[in-house]
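Read off the chains here:
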Amino acid sequence: MKKMSSLWIVIFCFVVLIFGCGAGKAVKQTQALMEIQKPVVIEKTGQDKRPEWVSEKPYSEDDKGYHFTGGIMGGADYALTIRLAKAEATKNLLESIQIKARGEFSSVIHGQNQNNSDLGRYVTDAVAWTVDNLRIGGIRQRQIYYEQIFDPASQAIKYNSWVQLEIARADYQKAKIDAAEKMLNKAIREKDEEAKQKAL
């Protein structure tokens, strides 16, 4: 019985010794293989490393205005990747402005003792007009960063790019004022029409 248990201990130690030593070598081989498969940056815009704004939230604001970032990784064509990154930044801009304007106009219009159906209609119109005013003027491209990389896995050149857009606070305020004026004019026209219908 003791011989049997000591035999099991010897077998166990032998297995641990064989697999334990081999495991370290396998881990090192796996790490080396992963390092070989890692994409290599061939060319990039100006800086030694990616700028901080690339990894920040898609929306931020400061004293100067509002900033919106979009990025695309693994694009096959430089120009197309830049356009896609700009489209992503524009999408982030429009979504953020819609949320911001909706909140601002909702709180203002809600205090005007409007019923809920009027409230929703006016807010939707005001947000749309604000966004349209910003599309016409006010959106500026602030920064671009790109990388040209070689991807060993696919044996291809690929592009990563990020674009940051901005809107000055003054431009946003002007867009809101223009939208509020349109909304006021629309409300006056509708009330005039309602009064005419009641008079008949």
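**Regarding the pairing of strand 5 (residues 156–168)**
And step 1. Note: strand 3 (residues 65–75) against strand 5, nine bridges, orientation antiparallel. Bridge pairing links G71 to W162 in strand 5.
And step 2. By the bridge criterion, twelve bridges tie strand 4 (residues 139–151) to strand 5 in an arrangement that is antiparallel. Across the sheet, the residue bridging to D151 is A156, located in strand 5.
And step 3. From the end of strand 4 to the start of strand 5, which pair antiparallel, there are four residues, and Q155 there has a positive phi angle of about 55°.

**Remarks on the packing of aromatic side chains**
And step 1. All told, the structure shown has five aromatic pairs when counted by the stated rule.
And step 2. When the centroid spacing of 5.3 Å and the interplanar angle of 35° are considered together, the rings of Y59 and F68 count as tilted.
And step 3. Geometrically, the ring pair formed by Y78 and Y159 is edge-to-face, given 5.9 Å between the ring centres and 65° between the ring planes. Residue Y78 is found in helix 3 (residues 78–110), and its partner Y159 is found in strand 5; the two are separated by 81 residues along the sequence.
And step 4. The buried category is assigned to Y159, whose relative accessible area is 15%.
And step 5. Chaining the aromatic ring pairs together yields one cluster made of Y59, Y66 and F68.

**Concerning the sheet that holds strand 5**
And step 1. Taking strand neighbours across the sheet as the criterion, the five strands line up as 1-4-5-3-2 in an open arrangement whose pairing is antiparallel. Looking along the sheet, the strands with just one partner apiece sit at the ends: strand 1 (40–44) and strand 2 (59–61). Sheet twist, expressed as the mean angle between neighbouring strand axes with direction ignored, is 25°.

**Re unusual backbone geometry**
And step 1. Despite not being glycine, Q155 shows a phi value in the positive range, around 55°.
And step 2. Positionally, Q155 belongs in the loop between strand 4 and strand 5.

**Quick look at the pattern of salt bridges**
And step 1. Taken as a whole and judged by the stated rule, the model has seven salt bridges.
And step 2. Ionic pairing is found between E147 and R50, a salt bridge with its closest N-O pair at 2.9 Å. Here R50 lies in the loop between strand 1 and helix 2 (52–55) and E147 lies in strand 4, a separation of 97 residues in the sequence.
And step 3. Residue R50 is classed as partly exposed on the basis of its relative accessible area of 38%.
And step 4. Ionic pairing is found between R169 and E61, a salt bridge with its closest N-O pair at 3.1 Å. On the criterion of sequence distance, the pair formed by R169 in helix 5 (residues 169–199) and E61 in strand 2 is long-range, its members being 108 residues apart.

**Focus on the side chain of T81**
And step 1. Looking at where T81 falls in the secondary structure, it is placed in helix 3.
And step 2. By relative accessible area, T81 is classed as buried at 1%.
And step 3. Not counting chain neighbours up to four residues away, the residues in contact with T81 comprise I72, G75, A76, Y159, N160 and S161.

**What about the nonpolar core?**
And step 1. Among the nonpolar cores identified, the biggest contains twelve residues, and these are Y66, F68, A85, A89, L93, L94, I97, A101, V163, L165, I167 and Y172.
And step 2. Listing elements by their share of this core, those giving two or more residues are strand 3, helix 3 and strand 5.
And step 3. It is helix 3 that provides the largest number of residues to this core, a total of six residues.

**Observations concerning the pairing of strand 3**
And step 1. Bridge count between strand 2 and strand 3: three bridges; the pairing is antiparallel. Residue Y59 lies in a different strand from strand 3, and its bridge partner there is F68.
And step 2. Linking two consecutive strands that pair antiparallel, namely strand 2 and strand 3, is a turn of three residues.

Criteria and thresholds
- Residues numbered from 1 in each chain as written.
- Predicted model: local features only at pLDDT ≥ 70, side-chain atom pairs only at ≥ 80, totals over all residues.
- Heavy atoms only, no water.
- Pairing = 2+ DSSP bridges.
- Helix = DSSP H or I, 4+ residues; strand = E, 2+ residues; numbered from the N terminus.
- Phe/Tyr/Trp six-rings, centres within 6.5 Å; stacked < 30°, edge-to-face > 60°.
- Buried < 20%, exposed > 50% of the residue type's maximum accessible area, 1.4 Å probe, protein only.
- Axes fitted to C-alpha atoms, helices over the stretch in contact; angles between N-to-C directions.
- Salt bridge = Lys/Arg side-chain N within 4 Å of Asp/Glu carboxyl O.
- Contact = heavy atoms within 4.5 Å.
- Core = buried A, V, L, I, M, F, W, Y, C linked by side-chain atoms within 4.5 Å.

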